[in-house]
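Summary of the model geometry
The primary structure of each chain is shown beneath.
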Amino acid sequence: MNTSIAALKRSKSNLDTLIGELNKVAEPQKQSNSYQDDRLWKPELDKSGNGYAVFRFLPAVKDEDLPWARLWSHAFLGPGGWFIENSLTTLNKKDPVSESNSLLWNSGVEADKEIARKRKRKLSYVANILIVSDPKHPENEGQVKLFKFGKKIFDKITEAMKPEFEDEKPINPFDFWEGANFKLKIRKVDGYWNYDKSEFDSPSAIKDNDDAIQQIWDKQYALKPFLAPENFKSYDELKSKLDKVLSGTRSTGTAEDVTIPPVTNVAPVKTETVDNTSSTPITDEDSDETLSYFSKLAEEE
């Protein structure tokens, strides 16, 4: 058995470290256009409008510290067309849309605040998963894939790692030996995908022996490339595009105005509260399908 997998087993994926990262994610903080990536898995709905699949979140790959990549993006329609871009705030850099949102919010004018709400960032995460059950595409079962998801599913992970009640034992969903399968349950609610009924199963080892686990680990994908600078346009490029989108002559629209169909394409994307405000009633929504749909709309124009 490879000594690296032995070290991983001893560390149990370091639950304390991951919980520390969860605390960072919970704090307010101050990529590119749509493309098809066959490594990414996406669920599909059945004819009744429901979706179901079972998979296992996997630990960080060698030489990476975290089992997820956290990404921010903006997606909205202005008079000059769509603005769908990765946000530089992902890299803790200044972003022209976030700066514009802050100015609008701090103006004190309710109409400006509403514009800022409609241009808020979108949050998503990317993680490695092992597909256990995929009724719509059983050929995916047993494969290691990348899964892009939003805040609602990440909340499920947080709840598993930091349970609210004393009779609930914390689990590390990313652990090979003491993690748990995730049962993804999707319903259509008011036209949007709802994940409220999704849940983790009881903890169990992902495979019966460490050699089989090593094979899974070897098939995982690096996540750091999602945060590579080349996946982000420069501040000046984003500012130029923003100016064009906001100065056009077409009627405006937003992500919230569109009824969301099932996902048809994928991209490394990200969500937002207005920056530099201490109390902003703007929530980060699960918007993976929204952003994929917007990207397709933008390409078709």
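Source: prediction; values computed, not measured.

**A few points about the nonpolar core**
Formed by 28 residues in total, the largest nonpolar core has its most connected members in Phe55, Phe57 and Phe149. At the level of elements, β2 (51-57), β3 (68-78), β5 (121-133), β6 (144-149), α5 (151-161) and β7 (182-189) are the ones that each hand at least two residues to this core. Filtering out sequence-adjacent residues up to four positions away, phenylalanine 55 remains in contact with Trp41, Ile129, Leu130, Ile131, Val132, Phe147, Asn181, Phe182 and Leu184. Ranked by size, the runner-up nonpolar core spans 11 residues in total, among them Ile5, Leu130, Ile206 and Ile213.

**Regarding the packing of helix α3 (residues 96-106) against helix α4 (residues 110-118)**
For the pair α3 and α4, the least separation of the axes is 7 Å and the interaxial angle reads 150 degrees. The orientation of α3 relative to α4 falls into the category roughly antiparallel. α3 and α4 meet at a crossing whose hand is left-handed. Between α3 and α4, the residues in contact are Asn101, Leu104 and Trp105 and Asp112, Lys113, Ile115, Ala116 and Arg117, respectively. For the contact of α3 with α4, the class distribution of residues is four nonpolar, one polar and three charged.

**Quick notes on the confidence of the model for the chain**
Per-chain confidence: the chain averages 82 in pLDDT, with 73% of residues scoring 70 or above. Confidence, expressed as mean pLDDT per element, reaches its minimum in the chain at strand β10 (residues 253-254) with 43 and its maximum at β2 with 98. Low pLDDT, under 50, characterises residues 27-34; the predicted model gives this stretch 35 contacts beyond four residues in sequence or across chains. Segment residues 292-301: pLDDT under 50, and 25 contacts once partners within four positions in sequence are set aside and those in other chains are kept.

**Digging into the packing of α3 against helix α7 (residues 235-246)**
Orientation of α3 relative to α7, taken along the N-to-C sense of each, is 55 degrees, at an axis distance of 9 Å. With respect to each other, α3 and α7 are oriented oblique. Of the residues in α7, those in contact with Pro96, Val97, Glu99 and Ser100 of α3 are Tyr235, Leu238, Lys239 and Leu242. Split into classes, the residues belonging to the contact of α3 with α7 amount to five nonpolar, one polar and two charged.

Reading the values: rules and limits
- Residues numbered from 1 in each chain as written.
- Predicted model: local features only at pLDDT ≥ 70, side-chain atom pairs only at ≥ 80, totals over all residues.
- Heavy atoms only, no water.
- Core = buried A, V, L, I, M, F, W, Y, C linked by side-chain atoms within 4.5 Å.
- Buried < 20%, exposed > 50% of the residue type's maximum accessible area, 1.4 Å probe, protein only.
- Helix = DSSP H or I, 4+ residues; strand = E, 2+ residues; numbered from the N terminus.
- Contact = heavy atoms within 4.5 Å.
- Axes fitted to C-alpha atoms, helices over the stretch in contact; angles between N-to-C directions.
- Parallel < 35°, antiparallel > 145°, perpendicular 65-115°, else oblique.
- Left-handed = near helix turned anticlockwise from the far one by under 90°.
- Nonpolar A, V, L, I, M, F, W, Y, C, P; charged D, E, K, R; others polar.
- pLDDT = per-residue confidence, 0-100.

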